[in-house]
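A look at the structure
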Amino acid sequence: MAGNILTPTEIWEGFKSDKDIKTELISESRVGDIIISRVYLGGRKVQDGRVKIYGIIAHNVQMAMLPAIIVFSDVKKGIDEDFAVELASKGYYVFAIDFAGKKEDGYYTIYPD
């Protein structure tokens, strides 16, 4: 598979959602007109449990009908909230997802053992 470029159809072929996605609002804060919501989403079921995905949603409360951007975090660093706030201040509805997982402080995606 190394060196092959896959199409979206090939990547998602055979994927089936278990339709049991739960959301949990952890906290909200405000930076000027930007609201930052910190959330957990129920991820895929795996053999040892369910992935608990951490993400933030940032948007300008003064704007409606915003174009959306999904930001995938650096796998070694986690979510860059400042970057999400910067994008939101430019008129985007931002959903940033943590892939890094466990870190010393703050919220992060929880992967079952």
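Structure's up top.
Residues numbered from 1 in each chain as written. Predicted model: local features only at pLDDT ≥ 70, side-chain atom pairs only at ≥ 80, totals over all residues. Heavy atoms only, no water.

This paragraph deals with the overall build of the chain. Along its length, the chain carries 2 helices and 5 strands. Beginning at the N terminus, the succession of helices and strands in the chain can be written as α-β-β-β-β-α-β. When its C-alpha atoms are laid out on the principal axes, the chain stretches across 45 × 30 × 30 Å. Within the chain, the proportion of its 113 residues that are buried is 29%. (Helix = DSSP H or I, 4+ residues; strand = E, 2+ residues; numbered from the N terminus. Buried < 20%, exposed > 50% of the residue type's maximum accessible area, 1.4 Å probe, protein only.)

The periodicity of an α-helix, 3.6 residues per turn, causes residues three or four places apart in sequence to face the same way. Taken residue by residue, helix α2 (residues 81–89) has A84, V85, L87 and A88 as its buried positions. Buried positions in α2, seen along its axis, are confined to an arc of 160° and lie on one side of it. Tucked into the core, α2 has its buried residues touching β1 (23–31), β2 (34–46), β3 (49–60), β4 (68–72) and β5 (93–97). Between the side-chain oxygen of the N-cap and the backbone nitrogen of D82 there are 3.2 Å, and the N-cap of α2 in question is D80. A positive backbone phi angle near 100° is found at G91, which sits one or two residues after α2. (Arc of directions from axis to C-beta. Contact = heavy atoms within 4.5 Å. Polar contact = N/O pair within 3.5 Å; in protein donor to acceptor, adjacent residues only side chain to side chain.)

On to the environment of R50. Along the chain, the position of R50 falls in strand β3. Classification of R50 by relative accessible area gives partly exposed; the value is 25%. For the pair R50 and D113, spaced 63 residues apart in sequence, the C-alpha to C-alpha distance is 10.0 Å.

The subject of this paragraph is the sheet that holds β4. Taken together, 5 strands build an open sheet; the order of strands is β1-β2-β3-β5-β4 and the sheet is mixed. The sheet is open, and its two edges are formed by β1 and β4, each paired on a single side. Within this sheet the neighbouring strands show an average axis-to-axis angle of 20°, counted without direction. Examined bridge by bridge, β1 and β2 share 8 bridges and lie antiparallel to one another. Of the residues in β2, the one forming a bridge with S27 is R38. Sheet strands in contact with α2 are β1, β2, β3, β4 and β5, and its direction is about 45° off that of β3. (Pairing = 2+ DSSP bridges. Axes fitted to C-alpha atoms, helices over the stretch in contact; angles between N-to-C directions.)

Right, let's talk about the pattern of salt bridges for a bit. All told, the structure shown has 3 salt bridges when counted by the stated rule. Residue K52 is joined to E24 by a salt bridge in which the shortest nitrogen-to-oxygen separation is 3.5 Å. With K52 in strand β3 and E24 in strand β1, this residue pair connects regions lying 28 residues apart in the sequence. Overall, E24 belongs to the partly exposed group, its relative accessible area being 38%. Note that E81 and R38 form a salt bridge whose closest N and O atoms lie 3.1 Å from each other. (Salt bridge = Lys/Arg side-chain N within 4 Å of Asp/Glu carboxyl O.)

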